[in-house]
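Each chain, letter by letter, is given below.
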Amino acid sequence: MPVEIYLNVAVSGLLTGLVYGLMALGLSVIFGVVRVVNFAHGEMMTIAMYLAIALFSAYRLDPLVMLVPIAAVLFALGYVMQLGLINPFINRPEHSQFMLLVAVALIMVNGLLIIFGPDAQTVQTRYAFDSFLVGPLIVDATKVYAGAAAVAVAAGLFAFFRFTLTGKAIRACADNYAGALVVGLDVKRLYALTFGIGAACVGAAGSIMVLLVDVTPPLGPAYTLLAFVIVITGGLGSMPGALLGGVLIGITEALGGLLFTPSAKSMFTFAILVLVLLFRPQGILGRRAS
Amino acid sequence: MKIGLTEGLPRRGPALLAALLVLLLLAPLVANDYLITVLVLILYFAYVGQAWNIMMGFAGQLSLGHALYVGLGAYTSAALYVHFGISPWLGLLAAMAIAAAAGAVIGFLAFRFGVAGVYFAILTIAFAEFARIGFDHWRWLGGSGGFFLPVANYTRNDLLSLRGSPTMFYYLALAMTAGAFVLCHALLRSGVGYRWQAIRESPEAAQALGIDIFRYRMYAVVLSAAMTSLGGVLFAFYYNNLFPEQVFHISRSIELILGPIIGGIGTLFGPIIGAFLLTALAETLGEAMRAFGIDIPGVKQVFYGFCLLLVVMFLPEGVWPPLARRLGLERRLPAGPGRAGAEP
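Residues numbered from 1 in each chain as written. Chains lettered and ligands numbered in written order. Predicted model: local features only at pLDDT ≥ 70, side-chain atom pairs only at ≥ 80, totals over all residues.

Participant: Would you mind going over the overall build of chain B in detail, with residue names and values included?
Facilitator: Scanning chain B for helices and strands turns up 14 helices and two strands. Computed over its C-alpha atoms, the radius of gyration of chain B comes to 20 Å, within 12% of the 20 Å expected for a compact globule of 344 residues. Dimensions of chain B, computed from C-alpha atoms along their principal axes, come out at roughly 55 × 45 × 40 Å. Across the 344 residues in chain B, those meeting the buried criterion constitute 47%. In chain B, 73% of the contacts between residues at least 6 apart in sequence involve partners at least 24 apart. (Helix = DSSP H or I, 4+ residues; strand = E, 2+ residues; numbered from the N terminus. Rg over C-alpha atoms; globule rule 2.2 N^0.38 Å. Buried ≥ 20, exposed ≤ 12 C-beta atoms within 10 Å, placed from the backbone. Contact = placed C-beta atoms within 7 Å.)

Okay, structure coming up:
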């Protein structure tokens, strides 16, 4: 096979990987601050995807534009979930938090199944078949837009955490919980805000992702797993790590599907995860857990 | 100090246990086929839940990939039976050996390299998923098309090759559950059990006391894996068909641990009560849906999810510990080792 094919597939994997990265970024932000592993992450992603599908099929609204309102809806969902459900579980053992979120995920998946049915749904945009010619490469326009949107949202998030007062306060909670309490930060509200932000990330990622894949309810658990793999590969709690992990996994999946069979592509993903856990358990860009 | 099965319990504890056992032994005399099927399911979940509980409840290692050991046990015994005609009674030894080896590899990699907590849980999922996709592409074992055992002849029970009626499997599952219960009871009060509990409560403190935490964690994962694979053997010969998408799937791993978590982690009765409640709940919901003529996929699972949510929110220790207190079955041990708590 000519080299161009590999390059083409790798670029396409990279662009998809950026969207994966944005999804994982949400998980990473939540874990990094609230210290709760969101086992309903992929399910929240599918909620966003179905919102995008519904808006598109009813009003022909482009998912890339709807990204903003959908992220806002998911923000509200995350905020309420943290305040109402998860907050009482903050000091409970891991398995207890896990059970809570598994129950939430179960309700979400099957709720979607009831509302939207088991059939795969998809979005047909005007630019679905456009592509760019870059030297020897042919790149899907959809994937370029998707990757660019993911990068834009991620950049906004980085800026928020670096430059705004609220962003700094959230980082303070993550760095030193007791210290944050001492200086008078409203940790409960900041946790809810963080969970909301993580959910908004996954909401944005979901509305971008509908451009790339068909949506079915069982996609939820699969994305939860994928998000875990990505954040652990990149470093749980590290924001650049999540993006890097997403890109790495995206490219691995794409090339694995090309070299072997597409159905075996996630085997390579898990192989990478196992290698990372064994040789750099804190992830590629992660700091050793304290 | 040696403690008998009933020591420290109020007198009605063993009486209730004996009554339960008699009830279960006599159940097939009155139960119809449907009820037997449900009971087999309950006992299966009680058994694998007990096996998982050794790792999580006793030694504090959260595994979310126990479907791996179920699957390895199921596929090993089924493959030996179908391809070579080897009796499942020999096959289960191979199944346990292979599952134990897999557990040892995962445990060694994780515990040597300091992979713990959430990371360990994800590592176990990763291995199970890896196996799922691997078996999907393994032609000799049917791949994703499934692996089938010759369907049983229900008129004659052939215990030697595990072909027979649901009632035979019921007694088999009952024996396994009872065996696991007795084994776990003995373990909890053995030196190994006390070391596990010390590690569960505080690995650092346990290490400071001179406990080789690597070794005892390995014991837990290997024993738990081997026991779980036995559940897989039962699964294979009872259902007669195996699909990688089903046996190794993460939802199987989660299903398997719901029982002990709902029932009460680290307790002996937790996995049994949990399996009973969850299976009964699922069946009742299914019946209710049929009765009301609701035929929308997902409705049952949403109810199930809400029930789980309520239990996790309002019974943080699980169902059994508060129930045991209510029934006055709390173990009151004389001074000495042993955890104050409700675990008869």
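Participant: Give me the lowdown on the overall build of chain A, citing residues and values where you can.
Facilitator: Helix and strand content of chain A: eleven helices and two strands. The order of α-helices and β-strands along chain A, N terminus first, is α-α-α-α-β-β-α-α-α-α-α-α-α. For a compact globule of 290 residues, the expected C-alpha radius of gyration is about 19 Å, and chain A comes in at 19 Å, within 12% of that figure. Dimensions of chain A, computed from the C-alpha atoms along their principal axes, are close to 60 × 45 × 35 Å. In chain A, which comprises 290 residues, the proportion classed as buried is 54%. The long-range share in chain A, meaning contacts at least 24 apart out of those at least 6 apart in sequence, stands at 78%.

Participant: Can you break down the packing of helix 2 (residues 33-58) of chain B against helix 12 (residues 270-291) of chain B residue by residue, with the values?
Facilitator: Between two packed helices, both the angle of their axes relative to each other and the distance between the axes serve to describe the pair. All names here are of chain B. Where helix 2 contacts helix 12, the two axes come as close as 8 Å, and the packing angle between them is 140°. In this view, helix 2 runs oblique relative to helix 12, as classed from their interaxial angle. Pair helix 2 / helix 12 crosses with right-handed handedness. Together, Val38, Leu41, Ile42, Phe45, Ala46, Gly49, Gln50 and Asn53 of helix 2 and Gly270, Pro271, Ile272, Gly274, Ala275, Phe276, Thr279 and Glu283 of helix 12 make up the contact between the two elements. Here the contact of helix 2 with helix 12 is built from residues that sort into nine nonpolar, six polar and one charged. (Axes fitted to C-alpha atoms, helices over the stretch in contact; angles between N-to-C directions. Parallel < 35°, antiparallel > 145°, perpendicular 65-115°, else oblique. Left-handed = near helix turned anticlockwise from the far one by under 90°. Nonpolar A, V, L, I, M, F, W, Y, C, P; charged D, E, K, R; others polar.)

Participant: Mind laying out the packing of helix 2 (residues 41-59) of chain A against helix 9 (residues 219-234) of chain A, listing which residues take part and the relevant values?
Facilitator: All names here are of chain A. At a minimum axis distance of 6 Å, the contact between helix 2 and helix 9 shows a crossing angle of 125°. On the basis of their axis angle, the class for helix 2 and helix 9 is oblique. Judged by the twist between their axes, the crossing of helix 2 over helix 9 is right-handed. Here helix 2 contributes His41, Gly42, Glu43, Met45 and Thr46 to the contact with helix 9, which in turn contributes Leu219, Gly220, Pro221, Ala222, Tyr223, Thr224 and Ala227.

Participant: Report on the environment of tyrosine 170 of chain B, specifying residues and quantitative values.
Facilitator: Residues and elements named next belong to chain B. Assignment of secondary structure puts tyrosine 170 in helix 6 (residues 166-188). Spatially, the C-alpha atoms of tyrosine 170 and tyrosine 238 are 9.7 Å apart, while their sequence positions differ by 68 residues. In contact with tyrosine 170, not counting residues within four places along its chain, are Pro28, Ile36, Leu39 and Val40.

Participant: Describe in detail the nonpolar core, supporting the description with residues and values.
Facilitator: Counting residues in each nonpolar core, the largest one holds 214 residues, and the members touching the most others are Leu22, Ala52, Ala205 and Ile208 of chain A together with Ala173 and Leu234 of chain B. Non-local contacts of alanine 205 of chain A, meaning those with residues more than four positions away in its chain, are made with Val19, Leu22, Met23, Met45 and Ala150 of chain A. (Core = buried A, V, L, I, M, F, W, Y, C linked by C-beta atoms within 7 Å.)

Participant: Talk me through the interface of chain B and chain A; I want residue IDs and the actual numbers.
Facilitator: Listed per partner, the contact involves 37 residues of chain B and 31 residues of chain A. Elements that contribute at least two residues to the side of chain B that touches chain A include exactly helix 5 (117-136), helix 11 (250-263) and helix 13 (299-314) of chain B. No other element matches the twelve residues that helix 5 of chain B contributes to the side of chain B that touches chain A.

Participant: Can you explain unusual backbone geometry? Please cite residues and give values.
Facilitator: The backbone of arginine 35 of chain A sits at a positive phi, close to 65°, despite the residue not being glycine. In this fold, arginine 35 of chain A is placed in the loop between helix 1 (3-34) and helix 2. Even without being glycine, asparagine 240 of chain B reaches a positive phi, approximately 65°. The topology assignment puts asparagine 240 of chain B in the loop between helix 9 (213-239) and strand 2 (241-242).

Participant: Any chance you could break down helix 13 of chain B for me, citing the residues and the numbers?
Facilitator: Between its first and last C-alpha atoms helix 13 of chain B spans 23 Å; for 16 residues at 1.5 Å apiece the expected length is 22 Å, and the two agree. Where helix 13 of chain B is concerned, the buried positions are Tyr304, Gly305, Leu308, Val311 and Val312 of chain B. Seen end-on, helix 13 of chain B carries its buried residues on one side only, within an arc spanning 125°. Projecting away from the buried face of helix 13 of chain B at angles above 90 degrees are the exposed residues Leu310 and Phe314 of chain B. Those residues of helix 13 of chain B hidden inside the fold are in contact with helix 4 (94-116) of chain A together with helix 11 and helix 12 of chain B. (Expected span 1.5 Å × (residues − 1). Arc of directions from axis to C-beta.)

Participant: Go over the environment of isoleucine 114 of chain A with me, naming the residues and quoting the values.
Facilitator: Locating isoleucine 114 of chain A in the fold gives a position in helix 4. Given 15 C-beta atoms within 10 Å, isoleucine 114 of chain A falls into the partly exposed group. Put simply, isoleucine 114 of chain A and valine 153 of chain A are 39 residues apart on the chain and 31 Å apart in space, counted from C-alpha to C-alpha. Residues within four places of isoleucine 114 of chain A in sequence aside, it is in contact with Ile296, Gly298, Val299 and Val302 of chain B.

Participant: Just give me the short version of the environment of glycine 143 of chain B, but keep the residues and values in it.
Facilitator: Residue and element names in this part refer to chain B. Counting through the fold element by element, glycine 143 comes out in the loop between helix 5 and strand 1 (147-148). Classification of glycine 143 as partly exposed rests on a count of 14 C-beta atoms within 10 Å. When the C-alpha positions of glycine 143 and phenylalanine 243 are compared, they lie 7.8 Å apart, and in sequence the two are 100 residues distant. Beyond its immediate sequence surroundings of up to four residues, glycine 143 is in contact with Asp136, His137 and Trp138.

Participant: Break down the pairing of strand 2 (residues 137-140) of chain A for me, citing the residues and quoting the values.
Facilitator: Residue and element names in this part refer to chain A. Bridge count between strand 1 (residues 131-134) and strand 2: four bridges; the pairing is antiparallel. For serine 131, the partnering residue across the bridge sits in strand 2 and is aspartate 140. What sits between the antiparallel neighbours strand 1 and strand 2 is a turn of two residues, in which glycine 135 has the positive phi angle 55°. (Pairing = 2+ DSSP bridges.)

Participant: Explain the confidence of the model for chain B to me, using residue names and the numbers behind them.
Facilitator: Residues and elements named next belong to chain B. Of all residues in chain B, 91% attain a pLDDT of 70 or more, and the chain-wide mean is 86. Counted against residues more than four places away or in other chains, residues 333-344, with its pLDDT under 50, gives 24 contacts. Scored by ipTM, the complex comes to 0.85, with pTM at 0.86. (pLDDT = per-residue confidence, 0-100.)

Participant: Lay out helix 3 (residues 67-84) of chain B with the relevant residues and their values.
Facilitator: Note: α-helices contain 3.6 residues per turn, so residues at a spacing of three or four share the same orientation. Residue and element names in this part refer to chain B. Taking 1.5 Å of rise per residue, the 18 residues of helix 3 would be expected to cover 26 Å, and the 25 Å separating its terminal C-alpha atoms lies within 8% of that figure. In terms of burial, helix 3 is largely enclosed, as 14 of its 18 residues are buried. Immediately beyond the C-terminal end of helix 3, within one or two residues, lies glycine 85, with a positive phi of roughly 65°.

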